[in-house]
Every structure is written in structure tokens, then in C-alpha cells.
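Summary of the model geometry
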Amino acid sequence: MSEGAEFIVNGRKVGVSVAGTTPLIDVLRNALGLRGTRFGCGLEQCGACMVLVDGEPVYACTREVGTVAGKTVTTVEGLARGEKLHPLQQAFLDEQAGQCGYCLSGILMSAKALLDRNPRPNRADIVAALDRHLCRCGVHNRIIRAVERAAAAHEATP
Amino acid sequence: MTLAALPKSLTDNPRLDRWVGFEPDRTVRVATGKVELGQGVLTALVQIAAEELCVPPARVRLLSGVTAQSPDEGYTAGSRSIEESGTSIRLVCAEVRGLFLDHIAAALGCRPAELSVEDGAVLRDGAPTGFDYWSLNEKIDLARPATGRAPVRRPAEFRVIGQNLARVDLPAKIAGAAFVHDLDPPDLKHARVVRQPRRGAHLASLDDAAIRRALGDRVELVRDGDFLAVVADDETLAMKAVDIVRRHCVWEGGTPIPVDAGEPEFLAAQPSRDRVIESGAPRPSGNAARMLEATYSRPCIAHASLAPSCALASFADGRLTVWTHAQGVYQLRNALARALGLAAEQIVVTHRQGAGCYGHNGADDVALDAALVARRLPGRTVRVQWSRADELSAAPFGSPMTMRMQAALDAHGRPLDWTHEVWSAVHGQRPGMHGNVNLLAAAALPNAPSPPEPVDVPDAGGGGGTRNAATLYDFPRQRIVHHLLPQMPVRTSSLRTLGGFANVFAAECFMDELADEAGEDPVAYRLSLLSEPRARQVIETVARLAGWSGRGERGSGTGRGIGFARYKNKAGYCAVVAEVAVDETARLARMWCAVDGGLIINPDGARNQIEGGIVQAASWTLKEAVRFADGGVASITWDDYPILRFSEVPPVEIELIDAPDEPPLGLGEVAHGPTAAAIGNAVAHALGARIRNLPLTRERIMATVLAGT
């Protein structure tokens, strides 16, 4: 039953020999050692596991790895360029937008998809993009400000 | 500061070298028994140590939550970490600095007052002396008890305390692996527990042959009495296996949970242990012009942490090693020892961060799950992660509570007599408290001892069901009647604020009812009954922030409300104003908050905690209730147990009262009760009618609106 799949993760071509029905999150975390993608519910209800597949936010907990064959997957580990944080990561630090932080890697991925699509989102756009993510510590307002800050930083860059 | 004022953490762990050491790489090791739960405590403790040792925060390496290495400071709970660990670290670091300076002063033949410390190096009148902590490390013996007598730095001298130091734990959390869930030792085995469907249920039969047919030999079963787990090298397979095995189990007996277990009528019908706490005048003075009574309630509330509980355990050479996100490593170690029949010295428990922890959740339970499996697989590290359903159903809940409020009023509408009667299941059932093991799987093991009769948190510890039942208002007489319900069919324990959330909701909503009865503004009415200056100040501050005077008409569909409390009547003071718009549901428009937490170590961290508390409490108030069906918990997904979302969170404005000369007061739970009351009062103001049962759902709002037409 090991049919395997080849795809690109954070710019690197990978091949795994697991059943095509294996959840993408398990492949990322256990086969590829990318443990920044976090399990929350397994039911597409909390967003903790969000990754990008060809630039679109996808719940890694239910997405079968066979369906991403040949596609490009981006996880939170793929945001920074070497030591240089992605503007979103920097903005989350600047706003101290976190408490426990468990929800943040998924939220960062949805925020990246938003900014890639809409570099100048208003507050309502941000809320709409993040509304399928849960945060239990109550950091929502800081997270929204962090995404606004990242967008502003992007705009300020020539 | 005298010996008598030493915090308990320091009397329990008196030796200086237990707390502080100077490492060869020119860092400072500072140990704490408190652990990071998402609240930012490690950052604040780094600041305190850096301040008193006069080193930059980056030199401080915190050692947190490792049995036999870090000091035993009990549980990280109750908003006590800064008061306990922070005060201890402050006293220890001040004393250590003083010991070094005394030594150098003697060597140089000068007075210690001529010396100062800059980045760990000692200066005399501003000039280098060539001495520093590290070069003198061998000379100064820190294996001595703390006296607590060394002078601490004064607020005017502060360089690190009071600054917004960035969270030390956040960079990892926005980059990749950061949690106990992410530990990746070699030879990891993944296990999942097939949980008893009801407390006390017995596994009558298990169809081994059917399970083998479905799963082959790549999955092992571990059974110990009524504890059952599946183990595999592959996590995906372990998750699949648990569902298959569950279908081939037959469970008998156990205690089903009635469908109405969280409802006020159910609570009122339970046997109770009753007591009365009276304060003030022995009997009501004067004749009451009027009596007022109202009954409030809240249901069971789930911790609903974003991550399922997780632990790793390995058993080798008679020693058990556990990695956990529990709140007390020593307490977990001792409970594991009792449950497993081991000596405490055979167990090492190390804290690793988990998702946000808001009280006694499944963290301890899953550690025993992992240990039970690891015991069967010596030499392998076993990782157990709960399912979302277990996280929302098997962990203890915050207790359901009913509060009946009564006041006898004088001719001016002021209480002559105030009675707060509370029915509550127990809080505070953590492992090790009151002689409990209270690890979920321990009750499933063969010959499990029956648990002791539940005892609530004593009043000296802030109380459980009675937490914040006493108010700070100047009533001539207050009575608390506590009905502890020891035989609840639901597993309850400590959830953030314990009884404080519901008691403040009831008392502060009832204050609004009294103000209405007197025909007075709720803020003015409160202030007329409140003489404590710090309490008055937070109410006056939040009223000014919110522009309270323009509150508008009752029943207009929009409303404002206020709530106030001093958490535990000994931690921080907090007042909250909520503005709501109510049609079929209540929508939060804005919230304001004023807090007096005494000396604030990290203002941004304090704001983060307070705002998080407001948002979480708003979620409890508007949305959350555990539901029961078919003898078990029915709310086992986020769809069944909704919490507040981004689109429902209002802007929040917070003002911190500046009080650096006061001792630090716990802040992590100050806002919960006041938030519930502010929202309850705002919704009542908007509707022109009051809903007294939480949560303030669409159904209850519609019923209230229809009843009024």
C-alpha cells in the first residue's frame, strides 16, 4: 500500500513512501520532521494545522498526501529566509502577538495567503481570512494588528 | 524585609544555589519551579533576576520545571507565580549580589556602597575593579539558606523591571517545533488510549481476533484492567487503530452522566455539605424596607485548549522519565509514583511547553497514560496524544454553579444584609491535593483505590466554590452559604478563577439589580458603597475610559455594563465595561478595562494576559456550555463547543494603574469575573430584561425578548 508521493515542500523536492491516504500533517511532522505544523482537532475546525498548497490555505489534518503529488507545499518552516524572518513573523514578534502560540503557525500561513493575494487588506479582510482559526488565549486583536503591521511594512518596502 | 516575610517558595527551598548559579559561559542559571503555560511567566522571571543581579536579560538562562533540579514551588496556578516565584527570585538575586559585593568590598578595603554591578562586572565609583560574578564564583559559597534580608532594588533604580521585554518563548513558536508534542526522540512509539466511555465502566470483552484481522501485527494492544491503549511505530496507524479497537470493545457499567448535569435544578437536587460564613454585624441592623432575590447560574465549562494533551514517557532500568506540559512537575511525579507503585526517586518529570493551560486539564492524565504504556515497552519512548474528543470530554471541567443572591435593603436602597448562596461541584482536585491521585487512568487500573471524599479548596487558599463570594463593598453584614456538592457525576476541578468567575458574575449583576431598584446609576451606586481607594480607582478609571456618563436608554438594543472585583480579594483589582449590541444574539462592540496589579514587571505582558482573560471570559459568557447526552459528554468537537472567533472579538482598551511601590499582585485571572458581569449587565441594559443563566445564547435572548412582548 506504499504508493508514495513526490512534491515540493518549502522549495525542496521530497519523496515519501507512505500510503497516499496518509494525512499530510503526519507526513510533514513524522516523515519530514517539519513539526511546526500542529495538530489541533483533525476535523478542519480549528486551523492549527493550516499549510499552503500551491499558495492556498489547506487543512493538513485531513488533506491526503496523495492529493498534493506534484504540488508545492509551504509550512511555517518555509517562511523565513535563512536567519531573516518573514515580515509576518517579524510583525508577530513586534506586536507580541501570542500567548501559548499553538495557533500561530496555522494563522501565519493563512495570513501569508491573504497578503500574497491582497497586499493591502483592511481589518475586515484580515478577520475574514482568519475567522476559521481558533485562538483560546484571546490574542485575536494583537494578531490582527500584526497582520496589519506586516502589510504596512510590505507597502513601505520599495 | 524580615524572615517572617519569606515567601513559601523560599522557606520550602531555602538554599541560594538552588535558585542561582554562574555558569562558565558567563550566563546566569536561574531556576524556578513555575512553568510557562502561555502566560509569559518565564519572561517576567528573567526580568526580575536580571534586575536584581544587574545583568542584561540575555545572560539569564532559566531552568524551569525539572524534578530534582528546579525548586519545588507547587503548582503554577492561581495567579501566584510572580508573587511566589518572582518574589523569591528577587530576594535571592538581591542577596547573591550583596554577598559578592561584600566579598569584593573586603578585598578592596572599601564600603559595599561604593560598588555597583554592570553586566555582572563590579565597578567601584564607576570604574572597573576586575571582579565579576564569574571570576569570583569559586570564592562565594551559595550553598547557604536565604535570609531575605538583602535590600532589593528600588523602583527608581529599575532598569529591567517595568520594561516590555519581548517574550522569550515566542520566537520558537512562530518558527517551528516548540512544544512537548514536537519532541522527536529516536525509536518513538505512538500510542492512543481507548478511553472508558463512562467513569467506572468495565471492559467486559475485547474481540482480539477481529482486531487482528483489521490491523494485523503492526499494532500492539496494552491493557491493564480497564485501561486500554494501542501502540504503533506509525502515528497515522495508531490513530486509525484506536477507532477500530473501540468498535470491538464491549463496556459494562459505570456512572452515566445525566443530560441535565450542569443545570441549576440538577445542582439543587444533589446532596450537599453546607456551611455558612458570616462577617460584619451579627444580625441585620435596622428594618428592611425591601427584600430582593435573584438566582444566577453557569454550566460546566471546558478548558478547550487548542492542542490535545500530550506526554512522552520512557521506562528503562527501573526508572521512569516523563516529558509533560503539566502545571506541577513534583506533584505529577508524586502522583505517578502512587499510581504506578514506584518510589518518587525513580521518576524524573520534565516540563515542556504545551498549548495554553487554563487550569487542571488533561496534562497530568496523559502523562499517566504514557507511563502505563511505557512500562510495557521498556527502553522505548512512548508518545501519547489525546484526541480532540478526549480533550473536550475526558479532562476535568470547570464546575457548574448556581448562585442565589439576597439583599435586605434600607429605605435608600442600600443593603442592610447581603447573602450569597452558592451551590457548586468541587474545584481544585489536582493530583496530590487532599490526598488525591486523580489521574484519569489510575481509576481504570485493577484494584484502584476509591477516591477520597472530595474536599474543596480551603478559604485560606482563595476558596473554590466560595472564591470571590465575599465582596469588597461596605455592607454592614455579609453571609456566604456554601453548598458543596460532593457526589457529582461529572469530573470537575480547577478552571481559571475557580468559583470566582461565576460568583463575580452573580454578585456584580445583582449589584446592578440593586442599583436599578434604587433608581441609581450602577457606577455611582457602587462607589457609594465602596471605600477602599484602590477599588474605587479602577472603577473610576474604567468609567472615564469608557465615557460612562453617556450610557443611553434601557431596552434600546444597545447597552453598556460594568463589573468589578479584586480577584480572590487579595490579587489584582479589575473593573471592566462592556458595550454590546443585541438583536437575536449579543455582539460585543467594545470593551474597556482598568487594572491595579501593584508593581508590574512587564506591562505589555500584563496587558496581553488581561486582554486574553477578557476575551476568554467573553467566550465563556456568550457561548460556552458542556452538553451531555446518552450518559456521556456530547460536546466533543469545536462545532459542538464553539468559542469566540476573530469576527466576534471586540476592540479592547486597557489602562494599567501605576503602583510600582506596591507589591506585585496576580493578574492572570483578574478580568474573568468582571468581564462576565459587565457583559451580563450590558445585555440586560440593552434588552431591558435580565438573563441570569450563562451562557447568554441566542436561545435565551430570544426567549427573553419574546417574554417581554
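Computed from a prediction, not measured in an experiment: that's the story for all the values here. (Residues numbered from 1 in each chain as written. Chains lettered and ligands numbered in written order. Predicted model: local features only at pLDDT ≥ 70, side-chain atom pairs only at ≥ 80, totals over all residues.)

**Regarding the overall build of chain A**
Here is the rule we go by: Only runs of H or I of at least four residues qualify as helices and only runs of E of at least two qualify as strands under DSSP, and these elements are numbered from the N terminus. To sort residues by exposure, count the other C-beta atoms lying within 10 Å of each residue's C-beta; 20 or more gives buried, 12 or fewer gives exposed, and values between give partly exposed, all with C-beta atoms placed from the backbone. Any pair of residues counts as being in contact when their C-beta atoms, constructed from backbone geometry, are within 7 Å of one another.
For chain A, the helix and strand inventory stands at five helices and five strands. Mapped from its N terminus to its C terminus, chain A presents α and β elements in the order β-β-α-β-β-β-α-α-α-α. When the backbone C-alpha atoms are referred to their principal axes, chain A occupies close to 50 × 35 × 25 Å. When each of the 158 residues of chain A is scored for burial, the buried share is 54%. Of all intrachain contacts in chain A linking residues separated by at least 6 positions in sequence, the fraction that spans at least 24 positions is 59%.

**Describing the interface of chain A and chain B**
Rules: Charged residues are taken to be Asp, Glu, Lys and Arg, nonpolar residues to be Ala, Val, Leu, Ile, Met, Phe, Trp, Tyr, Cys and Pro, and polar residues to be all remaining types, Gly included.
Tallying the contact residues gives 42 residues for chain A and 44 residues for chain B. No other element matches helix H2 (residues 87-94) of chain A, which puts three residues into the side of chain A that touches chain B. Its residues assigned to classes, the side of chain A that touches chain B comprises 20 nonpolar, 16 polar and six charged.

**Some remarks on the environment of B:Arg111**
Along the polypeptide, B:Arg111 turns up in the loop between helix H4 (81-108) and strand S4 (115-118). Sequence separation of B:Arg111 and B:Arg124 is 13 residues, and the distance between their C-alpha atoms is 9.6 Å.

**Topic: the environment of B:Cys574**
If you trace the backbone, B:Cys574 turns up in strand S24 (residues 573-582). For the pair B:Cys574 and B:Cys593, spaced 19 residues apart in sequence, the C-alpha to C-alpha distance is 7.1 Å.

**Section: the sheet that holds strand S9 (residues 220-224) of chain B**
Residue and element names in this part refer to chain B. Heads up, the condition is: Following DSSP output, two strands are said to pair if at least two bridges run between them. Axes, fitted as lines to C-alpha atoms, cover a helix only where it is in contact. Angles between the N-to-C directions of the axes lie from 0 to 180 degrees.
Read from one edge to the other, the open sheet built from seven strands follows the order S9-S10-S7-S17-S14-S15-S16, with strand pairing classed as mixed. Looking at strand neighbours, the two that pair on one side only are S9 and strand S16 (347-351), the edges of this open sheet. Sheet twist, expressed as the average angle between the axes of neighbouring strands with direction ignored, equals 25°. Pairing of strand S14 (residues 310-316) with strand S15 (residues 319-324), which is carried by six bridges, proceeds in the antiparallel orientation. Residue pairing in the sheet places Ala313 in a bridge with Val322 of S15. Against the sheet, helix H9 (residues 329-340) contacts S15 and S16, and its axis sits at roughly 145° relative to S16. Packing of helix H10 (residues 363-376) onto the sheet brings it into contact with strand S7 (188-193), S9, strand S10 (227-232), S14, S15 and strand S17 (381-385), and relative to S14 it is tilted by some 30°.

**So, the sheet that holds S4(B)**
What holds strands together in a sheet is hydrogen bonding between their backbones, with the strands either parallel or antiparallel. Residue and element names in this part refer to chain B. Spatially, S4-S5-S6 is the arrangement adopted by the three strands of the open sheet, whose pairing is antiparallel. Both outer strands of the open sheet, S4 and strand S6 (127-132), are each paired with one neighbouring strand and no more. Across the sheet, the mean angle from the axis of one strand to that of its neighbour is 35°, orientation sign disregarded. Relative to S6, strand S5 (residues 121-124) is paired through three bridges, and the arrangement is antiparallel. Bridged to Leu123 within S6 is Pro128.

**So, the pairing of S14(B)**
Residue and element names in this part refer to chain B. Taken across its seven residues, S14 has six buried, putting it largely inside the fold. Note: S14 against S17, five bridges, orientation antiparallel. Of the residues in S17, the one forming a bridge with Leu312 is Arg383. Linking two consecutive strands that pair antiparallel, namely S14 and S15, is a turn of two residues; a positive phi of about 55° is found at Asp317 within it.

**With respect to the packing of H2(A) against helix H3 (residues 104-117) of chain A**
Two numbers describe a pair of packed helices, the interaxial angle and the distance between the axes. Residues and elements named next belong to chain A. Inclusion rule: Any angle that falls under 35 degrees is termed roughly parallel, while one over 145 is termed roughly antiparallel, one within 65 to 115 roughly perpendicular, and all others oblique. Crossing handedness follows the turn of the near helix against the far one: under a right angle anticlockwise gives a left-handed crossing, and clockwise gives a right-handed one.
One can describe the packing of H2 onto H3 by two numbers: an axis separation of 10 Å at closest approach and a directional angle of 125°. One element, H2, and the other, H3, form an angle in the oblique class. Relative to H3, the crossing made by H2 is right-handed. Contacts between H2 and H3 pair Leu88, Gln89 and Phe92 from the former with Leu104, Leu108, Ala111 and Lys112 from the latter. Tallied by class, the residues present in the contact of H2 with H3 amount to five nonpolar, one polar and one charged.

**So, the nonpolar core**
Operational definition: Only buried Ala, Val, Leu, Ile, Met, Phe, Trp, Tyr and Cys residues enter a nonpolar core, and they are joined through C-beta atoms within 7 Å.
Ranked by size, the top nonpolar core spans 266 residues in total, and within it B:Ala367, B:Ala370 and B:Cys593 carry the most contacts. Those residues in contact with B:Cys593 that sit more than four places away from it in its chain are B:Val542, B:Cys574, B:Val576, B:Ile610, B:Ile614, B:Val652, B:Ile654 and B:Ala671.

**Comments concerning H2(A)**
All names here are of chain A. What counts here: The arc in question is the one spanned by the directions pointing from the helix axis to the C-beta atoms.
Every buried residue of H2 is listed here: Leu88, Gln89, Ala91 and Phe92. Viewed end-on, H2 has its buried residues packed into an arc of 160°, placing them on one side of the element. In this fold, the buried residues of H2 make contact with H3 and helix H5 (140-156). One or two positions beyond H2, positive phi appears at Gln96, with a value near 50°.

**Details of helix H3 (residues 41-53) of chain B**
Here is the rule we go by: An expected span of 1.5 Å times one less than the residue number is assigned to each helix.
Spanning 13 residues, H3(B) covers 18 Å between terminal C-alpha atoms, matching the ideal 18 Å at 1.5 Å per step. With its phi angle positive at about 60°, B:Cys54 sits one or two positions after the end of H3(B).

**Overview of the pairing of S5(B)**
Residue and element names in this part refer to chain B. Examined bridge by bridge, S4 and S5 share four bridges and lie antiparallel to one another. Looking across to S5, one finds that Glu118 is bridged to Ala121. Connecting S4 to the antiparallel partner S5 that follows it, the hairpin turn spans two residues, and Asp119 within it adopts a positive phi of roughly 50°. Connecting S5 to the antiparallel partner S6 that follows it, the hairpin turn spans two residues, and Asp125 within it adopts a positive phi of roughly 50°.

**Some remarks on the packing of helix H6 (residues 208-215) of chain B against helix H7 (residues 235-247) of chain B**
Residues and elements named next belong to chain B. Look at H6 against H7: their axes get within 10 Å of each other, and the N-to-C directions meet at 150°. Taken together, the axes of H6 and H7 lie roughly antiparallel to each other. The two elements H6 and H7 meet at a crossing, and its hand is right-handed. Residue-level contacts link Ile211, Ala214 and Leu215 of H6 to Ala241, Ile244 and Val245 of H7.

**Quick notes on the environment of B:Lys173**
Looking at where B:Lys173 falls in the secondary structure, it is placed in helix H5 (residues 170-173). For B:Lys173, a count of 25 C-beta atoms within 10 Å puts it in the buried group. B:Lys173 sits 87 residues away from B:Gly86 along the chain, and the two C-alpha atoms are 24 Å apart. The residues contacting B:Lys173, other than those within four sequence positions of it, are A:Gly98, A:Gly101, A:Leu104 and B:Ala178.

**Side note on the confidence of the model for chain B**
We apply this condition: The quantity called pLDDT is the predictor's confidence in a given residue, expressed from 0 to 100.
With 99% of its residues at a pLDDT of at least 70, chain B reaches an overall mean of 96. For this predicted complex, the interface score ipTM comes out at 0.97, while the overall pTM is 0.97.

**Description of unusual backbone geometry**
Where the residue is not glycine, phi is negative for most of them; where a peptide bond is considered, it is trans in most cases. Residue and element names in this part refer to chain B. In this structure, Pro695 follows Leu694 across a cis peptide bond, with omega equal to -5°. Along the chain, Pro695 falls in the loop between helix H16 (672-687) and helix H17 (698-707). A positive phi angle is found at Lys568, which is not glycine, with a value near 60°. Among the secondary structure elements, Lys568 is positioned in the loop between strand S23 (558-566) and S24. Despite not being glycine, Asn569 shows a phi value in the positive range, around 60°. Tracing the chain through its elements places Asn569 in the loop between S23 and S24.

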